[in-house]
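The primary structure of each chain is shown beneath.
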Amino acid sequence: MRPPRPVLPALGTTSAVGVAALGLHVRRNMGARLAVLRRLAQRSPHAHYGAFANREPGLPRPDLTARQIATMILRRRRVGLPPRPIPLVTTPPGADRSRLALTWFGHTSVLLEVDGRRVLVDPVWSTRTSPVPGFGPRRLHAPPVPVAAVGEVDVVLISHDHYDHLDRPTVVGLARCTVATFVVPLGVGAHLRSWGVAADRVVERDWDEAAAVAGLTFTCLEARHFSGRGLRRNTTQWAAWKVAGPEHSVYVAGDTGASAVHARTGEQHGPFDLTLMPVGAYAELWPDIHTTPEEAVAAHTALRGAVMLPVHWATFALGFHPWAEPAERTLRAAEDRRVRLALPRLGRRLDLSVPDDRPGSPWWREVAPAPVRPDPGGVAASD
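In this convention, every chain numbers its residues from 1, walking through the sequence in written order. Only residues with pLDDT of 70 or above have their local features reported here, since the model is predicted, and side-chain atom pairs are shown and tallied only from 80 upward, although totals for entire chains, interfaces and linings are computed over all residues. Only hydrogens and water are removed before side-chain values are computed, so all heavy atoms of the structure are retained for them.

Asks: Before we move on, can you summarise the sheet that holds strand 13 (residues 272–278) with the specific residues and values?
Replies: Paired strands, in this sense, are two strands between which DSSP finds at least two bridges. Strands here mean DSSP runs of E at least two residues long; helices mean DSSP runs of H or I at least four residues long; both are numbered from the N terminus. The strand order 9-10-11-12-13-14-15 describes an open sheet built from seven strands, whose pairing is mixed. Strand pairing shows two members of the sheet lacking a second neighbour, strand 9 (210–213) and strand 15 (340–341), which therefore form its edges. Relative to strand 12 (residues 249–252), strand 11 (residues 240–244) is paired through four bridges, and the arrangement is antiparallel. Within the sheet, the bridge partner assigned to Trp241 lies in strand 12 and is Val252. Sitting on the sheet, helix 6 (residues 261–269) touches strand 10 (216–221), strand 11, strand 12 and strand 13, and the angle it makes with strand 10 is about 150°. For this analysis, residues touch if any pair of their heavy atoms sits within 4.5 Å. The axes used here are C-alpha line fits, helices contributing only the stretch in contact, and every angle between their N-to-C directions lies in the interval 0 to 180 degrees.

Here it is, written out as structure tokens:
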């Protein structure tokens, strides 16, 4: 009789292979290596010693203990959960090419139609915003449609490289199923190239630089935020974008804190027919990297925007506020400032070039019927 084969060494080898495979997967999701990103950063006047920086100084943070911060982070998903299922419009947007239209798929993922061109902004279709499978913020609703059902797009526009804005599986899928050009801030192209996106399909720009792509002009604009997909921050540029066609222009804020740059941008590049402004995931822990709803509405006004689409809420619990609070506060701030909002349900196509296409209503009250807290006091304006 043959002696039994040793089991523990075999299990150890299997575990080691599994850990190695997981490590390789995580490393791929993270993107380009630091040395490559540092070389690219050297091209920018906005980077110092291989790291990009904001032009405005940071704001003071609250004096909290590590335990208090950890407790807040552990509780935030429970606090930010919607009390009922989120309604979705699951009809694909089709192949329409309006003079000015939008389809909001959740968070900051938006399909824009500008003067007959289709631009997909910050597409994230993954279940979690994390490089590690099974970890990180989880979606609060399914994508309204599969990414393949979005149809052909001319440009995929990226604001920065955080996982809730730059998603490797979605990018790889779009590179395979479309012929789109990827327009990204400086350094972000290295991530795409490391994932197999052809170099001739990637257009990178730094702040104050522009590119003509697919009949539109994309101007890379200053924003107040940060970047990074690993332990090191600010390894690539973060940006807002102006998307301009022959007749219409759209401001894509990406992520931003309150900043005097919005007034400067409005003077130099406005007015805008539409702005995509982030209204969620604000917190006292990071007072200068995400706008509150009131700050977002004030920034829209400073940008000389006509219609504002509130984004960066509803899909992931990234802040510490109740799920519907950003929408309710945005609605009140817009009423105070007489700002016209676009409030489509997730997945619904809204054609702003059609006068009788209804801009939407507070649909989130089907999920969270009552306002979640009274008007906050002492909120600073954007500029």
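Still to come is the rest of the account.
Asks: Give a detailed account of the sheet that holds strand 3 (residues 100–106), specifying residues and quantitative values.
Replies: Spatially, seven strands are ordered 8-7-6-5-4-3-16 in an open sheet, and the strand pairing comes out mixed. Because the sheet does not close on itself, it has two edges, and the strands there are strand 8 (202–205) and strand 16 (349–351). Here the strands of the sheet are splayed against their neighbours by 20° on average, with no regard to which way each runs. Sheet topology note: the strand 3/strand 16 ladder contains three bridges and is antiparallel. Each residue of the ladder has a partner; that of Ala101, found in strand 16, is Asp351.

Asks: Mind laying out the pairing of strand 8, listing which residues take part and the relevant values?
Replies: Bridge count for strand 7 (residues 181–185) against strand 8 is four bridges, and the pairing is parallel. Note that in strand 8 the partner of Val184 across the bridge is Glu204. As a crossover connection, the stretch from strand 7 through helix 5 (residues 188–194) into strand 8 is right-handed. Look down the strands so they point away from you; if going from the first strand over the helix to the second traces a clockwise path, that crossover is right-handed.

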